[in-house]
Amino acid sequence: MMSSASPFNARRLEGKVAIVTASTDGIGFSIARRLGHEGAKVMVSSRKQKNVDSAVMQLKKEKLDVTGMVCHVGKADDRSKLISETAEKYGGIDIIVSNAAANPHLGQILDINEAQWDKIFDINVKSAFFLVKEAIPHMEKRGGGSVVFVSSIGGYNPFELIAPYSVSKTALFGLVKGLVPQLSSMNIRVNAIAPGIIKTSFSSALWHDDKTEKEVASHIPMKRLGVPDECAGAVAFLVSDDGSFITGETIVMAGGVSSRL
Ligand code: NAP
C-alpha cells in the first residue's frame, strides 16, 4: 500500500534494508530519501555526527524508517561498524549504495602529488570496493541483493581540472564489470550510475551564480544542470525488481552529454 505521505508513486522496496554512504547531503541524501519512500529501511551515514543527526531528523519528519551513524568510508573500522550495526539493527542487508568520493586536487593533472593521488583512489575506489566486499556475505545470507556505485560522467570524459578524480570514476565502470561473475552466482546485481553535473555543494563552483550556471548549462544538450532526485530515481529503479535482469551496467544521467570512453 502506498503511504499517503510519500511524494513518490512506487513502493518497490518494502521489507528491504539499504545502506547509503555519504548520505547526509546532496545525491546520497536524495538516494536515501527515495529508497526510504519506496519502503526500504535505510542506514544513513557520513563523517560528521551533526550532519548525520540533521539528515536523520529531516527524513524521520517524512515518516521514513531511517537510522544514522558516522562512517568515514576511508576508515576500515567505520566501514565494518556501518555494516555490522545495520545488519544487527535491521536483521540483514539487501542494498548497498557506495556514494562517497573525495577530490583533494583541483588543477592540471601533472600538478597532482602522490598523497593527493592516493587519497582519491583510496576513497573513491579502494574504500568503495572494501565496503561492498564486507556487505556481500550479508546479502548472500538473504539469498541476493543489489549494489550500486556512484560514478560520474567524468569517468567517460575526464574534466580537465579534476582529471585524476575522473579517472577514479572510470575505474568504477571496470569494478562493476569485474564483480559481475562472482556476484551473479550469489544472486547479487551490481551496477553504477554516472551523473552529469548535478546541483550539490560538491559542484557549487559551477552554478554559484546565474552567469556561471548559464555558461555551464550551454554545454549540456538539455541546457540545464541536474538535481539529486534525478539520480535517486535511477538508483531506486536499479535496486528494485524493475531492474531484475540488469547487472554490470552504468546508467548515465547527464542531460545528453556524450558518454563514450
Ligand atoms: P555533496 O553534496 O558535497 O555531499 C557529500 C556528502 O558526502 C556529504 O553527506 C558528506 O558529509 C559526505 N562525505 C564526504 N566525504 C565522505 C567520506 N569520506 N565518507 C563518508 N561520507 C563522506 O556531494 P555530491 O555532489 O552529492 O556527491 C556525491 C557523489 O556523487 C560523489 O561520489 C560524487 O563524485 C558523485 N558525483 C557528483 C556530481 C555532481 O555534479 N554533484 C556529478 C557526478 C558524480 P560529511 O561532510 O558529514 O562527511
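Rules of the game
Residue numbering note: each chain is counted from 1, following its sequence as written. Totals for whole chains, interfaces and linings use all residues, but because this is a predicted model, local features are given only for residues with pLDDT of at least 70 and pairs of side-chain atoms are given and counted only at 80 or more. Excluded from the side-chain calculations are hydrogens and water; all other atoms, namely the structure's heavy atoms, are used. UniProt positions are given in the numbering used here, feature names are shortened, and annotations may be inferred rather than shown by experiment. Nearness here has a simple test: a residue counts as near a molecule or strand if at least one of its heavy atoms is within 4 Å of that partner. Pairing of N or O atoms within 3.5 Å defines a polar contact, subject to two protein rules: one partner must be a possible hydrogen donor and the other a possible acceptor, and residues neighboring in sequence count only if both atoms are side-chain atoms. Only the protein chains shown count as covering a residue, and every accessible area follows the Shrake-Rupley method with a 1.4 Å probe. In this text, helices come from DSSP runs of H or I with a minimum length of four residues, and strands from runs of E with a minimum of two, each type numbered from the N-terminal end. Charged means Asp, Glu, Lys or Arg here, nonpolar means Ala, Val, Leu, Ile, Met, Phe, Trp, Tyr, Cys or Pro, and polar covers whatever is left, Gly included. Each residue is placed in one exposure class: buried if its accessible area under a 1.4 Å probe, protein chains only, is under 20% of its type's maximum, exposed if it is over 50%, and partly exposed if it falls in between. At least two DSSP bridges between two strands are required for those strands to pair. Lines fitted to the C-alpha atoms define the axes, with helices restricted to the stretch that makes contact. Angles between their N-to-C directions range from 0 to 180 degrees. The contact rule is simple, with two residues in contact once any of their heavy atoms fall within 4.5 Å. Every helix has an expected span of 1.5 Å times one less than the residues it contains.

With an unreviewed UniProt entry as reference, the protein chain is termed Dehydrogenase/reductase SDR family member 4, source organism Capitella teleta. For the record of the protein chain, the UniProt heading Sequence similarities (unreviewed entry) holds the text "Belongs to the short-chain dehydrogenases/reductases (SDR) family."

Turning our attention to the site of the ligand. As a matter of local geometry, the ligand sits amid 27 residues, with Thr24, Ser46, Asn99, Tyr165 and Thr200 nearest to it. A distance of 2.7 Å separates an oxygen atom of the ligand from a polar side-chain atom of Thr24. At 2.7 Å, a backbone N or O of Ile27 approaches an oxygen atom of the ligand. In isolation the ligand offers 890 Å² of accessible surface; the protein chains occlude 91% of this area. Within the residue set of the shell around the ligand, elements represented by two or more residues are helix H1 (26-37) and helix H5 (163-184). When grouped by side-chain class, the residues that make up the shell around the ligand number 11 nonpolar, 12 polar and 4 charged.

Moving on: unusual backbone geometry. Not every positive phi belongs to a glycine, and Ala22 is a case in point at roughly 50°. Within the element layout of this structure, Ala22 appears in the loop between strand E1 (17-20) and H1. At Asn187, a position not held by glycine, the phi torsion is positive, near 65°. Mapped onto the elements of the fold, Asn187 is located in the loop between H5 and strand E6 (188-195). On the basis of relative accessibility, which here comes to 51%, the residue Asn187 falls in the exposed class.

Let us now look at the sheet that holds strand E3 (residues 66-70). Reading across the sheet, the 7 strands line up as E3-E2-E1-E4-E5-E6-E7 and stay open at both edges, with parallel pairing between neighbours. The open sheet has two free edges, formed respectively by E3 and strand E7 (250-253), since each of these has just one partner strand. Shown here is a sheet whose adjacent strand axes are inclined to one another by a mean of 15°, direction ignored. Bridge count for E6 against E7 is 4 bridges, and the pairing is parallel. When the bridges of E7 are listed, Ile193 appears paired with Ile251. Sheet contacts for helix H2 (residues 49-61): strand E2 (41-46) and E3; angle to E3, the most-contacted strand, approximately 175°. With respect to the sheet, helix H7 (residues 229-239) is in contact with strand E4 (95-98), strand E5 (145-150), E6 and E7, its orientation differing from that of E6 by roughly 165°.

An ideal rise of 1.5 Å per residue puts 16 Å on 12 residues; H1 measures up with 17 Å between its terminal C-alpha atoms. Taken residue by residue, H1 has Gly26, Ile27, Gly28, Phe29, Ser30, Ile31, Ala32, Arg33, Arg34, Leu35, Gly36 and His37 as its buried positions. Taken from the residues just after H1, Gly39 is the one with a positive phi, measuring 110°.

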